[in-house]
Amino acid sequence: MIKAALSVLLVLVAVSSTFGKYIPKTGKRIPQTLSRGWGDQLIWAQTYEEGLYWSRSRNKPLLVLFHLEDCPHSKAFKKVFSEDNEIQKVLDEDFIVLNLMYETTDKHLSPDGQYVPRIIFVDPTMTVRADITGRYANRMYAYEPNDLKLLKSNMQKAKKLLKSEL
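Presented here is an overview of the structure given in this document. Note that this is a predicted model, so its numbers are computed, not measured. Think of each chain on its own: its residues are numbered from 1, step by step along the sequence as written. Per-residue local features are limited, in this predicted model, to residues with pLDDT of at least 70; the limit for side-chain atom pairs, both in listing and counting, is 80 or more; totals at the level of whole chains, interfaces and linings are taken over all residues. Values reported for side chains reflect all heavy atoms of the structure, with hydrogen atoms and water molecules removed beforehand.

Only protein chains enter the accessibility calculation, which uses a 1.4 Å probe; a residue whose area is less than 20% of its type maximum is buried, one above 50% is exposed, and one in between is partly exposed. The numbering of helices and of strands both runs from the N terminus, where a helix is a DSSP run of H or I of at least 4 residues and a strand a run of E of at least 2. Most of strand β2 (residues 96-100) is tucked away: five of the five residues are buried. Side chains of β2 alternate between two faces, with I96, L98 and L100 and V97 and N99 buried alike. Here, a strand pair is defined by DSSP locating no fewer than two bridges between the strands. Examined bridge by bridge, strand β1 (residues 62-66) and β2 share five bridges and lie parallel to one another. Across the sheet, residue L63 finds its bridge partner in β2, namely V97.

Nine residue types can take part in a nonpolar core, namely buried Ala, Val, Leu, Ile, Met, Phe, Trp, Tyr and Cys, and a core is a set of them joined through side-chain atoms within 4.5 Å. In terms of nonpolar packing, the biggest core is built from 20 residues, with F121 and L151 touching the most fellow members. When contributions to this core are tallied by element, the ones reaching two or more residues are β1, α3 (72-83), α4 (85-94), β3 (118-122) and α5 (148-165). We call two residues in contact when some of their heavy atoms are within 4.5 Å. Setting aside anything within four residues of it in sequence, one finds L151 in contact with F77, F81, I87, I119, F121 and Y143. Formed by 18 residues, the second largest nonpolar core is a distinct cluster that contains Y48, L52, V64 and L109.

Time to look at the pattern of salt bridges. Every case where a carboxyl oxygen of Asp or Glu lies within 4 Å of a side-chain nitrogen of Lys or Arg is listed as a salt bridge. This structure, assessed with the given rule, holds 11 salt bridges. K152 is the salt-bridge partner of E86, the closest N and O atoms lying 3.2 Å from each other. Taken as a pair, E86 in helix α4 and K152 in helix α5 lie far apart in primary sequence, 66 residues in all. Given a relative accessible area of 47%, E86 falls into the partly exposed group. Residue R118 is joined to E103 by a salt bridge in which the shortest nitrogen-to-oxygen separation is 2.7 Å. One end of the pair, R118, is in strand β3; the other, E103, is in the loop between β2 and β3, and 15 residues separate them in sequence. Overall, the relative accessible area of 0% leaves R118 in the buried class.

Below you can see the structure in the form of structure tokens.
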């Protein structure tokens, strides 16, 4: 009797732990090391050049996320970003994603300086969307944990403007 109760309890714990995370339509994927914890079920581009190629060939905007592993601001933002199912779903279905822990040679990706975490959108014509900004005047592309609503809005802008421009 005790073994049966423990078995049922173990199954319930296993099933309940799967309800909290976003799972793509194609089924659960093996976590990529490229995700670095920002969204294990997303398919991440390996390089900026690969992200641009995927963006152009799939006609989806590219979201470039700059961060550092040991930065407390990046860690705090990563936690809420990776746990938000709505963001994960929209990224999986409508964006090409790239996260970088180093700066690229493209100076358009740091229009107001090099800081982390910051998010830059690039459209399929390879145009950096400098007009889609966060809420800070001194760090225009920075996002903090309490900025998820603004980030979701900016993601929608990147998608809408993409459709009206092409």
